[in-house]
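# Chains, contacts and geometry: an overview
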Amino acid sequence: GNSVTQMEGPVTLSEEAFLTINCTYTATGYPSLFWYVQYPGEGLQLLLKATKADDKGSNKGFEATYRKETTSFHLEKGSVQVSDSAVYFCALSKEGGSEKLVFGKGMKLTVNP
Amino acid sequence: NAGVMQNPRHLVRRRGQEARLRCSPMKGHSHVYWYRQLPEEGLKFMVYLQKENIIDESGMPKERFSAEFPKEGPSILRIQQVVRGDSAAYFCASSPRGETYEQYFGPGTRLTVT
């Protein structure tokens, strides 16, 4: 079945450091890919998405490119801030059918000043 | 426009009791999804509902769990005769139509079974 594997944390970085969170997936067809972020005490928020191969999603300085050849959707940010401290989830939805999301386990990021 | 609301935020039940979790979707949203997050796990899909209809319940345990989304009022996830393994965070998401990238999540209900 469809699945998502992502880097597990927790990870601690200093402010302005470079961030990469790896995410790979297994799916048939052409799924849509997502990154969600969960700040402490809140629900998940959509950070960015890509719906077809080679699409690049971007938001708030974060980027991820849909790579079908490597079945990956790695999240990157060039310079993290303390306010980026959160849990990050990679997810996919399968092509067609029900629109349910399949999530990775999430990675907790802490950014120190 | 208020976001997705879930209540209660925290719920404690003894083994064998019933748990009722409520989800009020965003205004104008007629599609609701329930997900469960077990400790150290990612979110797992449980059920997808539209008003008065269950569209996909492939992630629901076969016994003790049920969900509804009536014409009026919130969506309810009901767990009968809870067991310790039901302890988890339960998240609800809503969308205006069945398009995944427009799912908006609530803050979750953390269920603890003692």
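Scroll up to find the structure.
Fair warning: this is a prediction, and the values are worked out from it, not measured in the lab.

### A few points about the nonpolar core
Residues and elements named next belong to chain A. Counting 27 residues, the largest nonpolar core has Trp35, Leu47, Leu48, Phe73, Leu75, Tyr88 and Leu109 as the members making the most contacts within it. At the level of elements, β2 (11–14), β3 (19–21), β4 (23–26), β5 (32–38), β6 (44–50), β8 (62–65), β10 (86–93) and β12 (107–112) are the ones that each hand at least two residues to this core. For this core, the element with the most residues is β10, which contributes four residues. Here Leu75 is in contact with Leu19, Thr20, Ile21, Trp35, Leu47, Leu48, Phe62, Glu63, Ala64 and Tyr88, once residues within four sequence places are set aside.

### Some details on the sheet that holds strand β7 (residues 65–68) of chain B
Residue and element names in this part refer to chain B. The antiparallel open sheet is built from four strands, whose spatial order is β1-β3-β8-β7. Edge positions in the sheet fall to β1 (5–7) and β7, since each has one partner strand and no second. Averaged over all pairs of adjacent strands, the angle between their axes in this sheet comes to 15 degrees, without regard to strand direction. Pairing of strand β3 (residues 19–24) with strand β8 (residues 75–79) involves five bridges; the strand directions are antiparallel.

### Describing the interface of chain A and chain B
Between chain A and chain B, the residue contacts involve 18 residues of the former and 22 residues of the latter. Connecting chain A to chain B are one salt bridge. A salt bridge links B:Asp56 to A:Lys100; the nearest nitrogen and oxygen atoms lie 3.8 Å apart. Where chain A touches chain B, the interface holds two residue pairs in polar contact (both at pLDDT 80 or more). Only β5, β6, β10 and β11 (101–103) of chain A provide two or more residues apiece to the side of chain A that touches chain B.

### Some points on unusual backbone geometry
Omega for the bond connecting A:Gly9 with A:Pro10 falls within 30 degrees of zero, at 0 degrees, which places this linkage in the cis form. For A:Pro10, the location among the structural elements is in the loop between β1 (3–6) and β2. For the peptide bond that leads from B:Asn7 to B:Pro8, omega is -5 degrees, which places it in the cis range. The residue A:Glu16 is not glycine, and still its phi comes out positive at about 75 degrees. Of note, A:Glu16 is situated in the loop between β2 and β3. On the accessibility criterion, A:Glu16 (61% relative accessible area) is exposed. Unlike most non-glycine residues, A:Thr71 shows phi in positive territory, near 45 degrees. Structurally, A:Thr71 can be placed in the loop between β8 and β9 (75–77). According to the relative accessible area criterion, A:Thr71 is partly exposed, its value standing at 29%.

### A short note on the state of the cysteines
All told, the structure shown has two disulfides over all chains when counted by the stated rule. Across the disulfide, A:Cys23 is cross-linked to A:Cys90 (sulfur-sulfur distance 1.9 Å). Disulfide A:Cys23 to A:Cys90: torsion about the S-S bond roughly -70 degrees, handedness left-handed. With A:Cys23 in strand β4 and A:Cys90 in strand β10, the pair connects residues that are 67 residues apart, well separated along the chain. A:Cys23 sits in the buried class, given a relative accessible area of 1%. Here A:Cys90 falls in the buried class, since its relative accessible area comes to 1%. Shown here is the disulfide that connects B:Cys23 with B:Cys92, its sulfur atoms set 1.8 Å apart. One quick way to see it: the torsion about the S-S bond of B:Cys23 and B:Cys92 is about -50 degrees, and its sign makes the bridge left-handed. Within this pair, whereas B:Cys23 is found in strand β3, its partner B:Cys92 is found in strand β9 (residues 88–95), the two being separated by 69 residues in sequence.

Analysis parameters
- Residues numbered from 1 in each chain as written.
- Chains lettered and ligands numbered in written order.
- Predicted model: local features only at pLDDT ≥ 70, side-chain atom pairs only at ≥ 80, totals over all residues.
- Heavy atoms only, no water.
- Core = buried A, V, L, I, M, F, W, Y, C linked by side-chain atoms within 4.5 Å.
- Buried < 20%, exposed > 50% of the residue type's maximum accessible area, 1.4 Å probe, protein only.
- Helix = DSSP H or I, 4+ residues; strand = E, 2+ residues; numbered from the N terminus.
- Contact = heavy atoms within 4.5 Å.
- Pairing = 2+ DSSP bridges.
- Axes fitted to C-alpha atoms, helices over the stretch in contact; angles between N-to-C directions.
- Salt bridge = Lys/Arg side-chain N within 4 Å of Asp/Glu carboxyl O.
- Polar contact = N/O pair within 3.5 Å; in protein donor to acceptor, adjacent residues only side chain to side chain.
- Disulfide = S-S within 2.5 Å.

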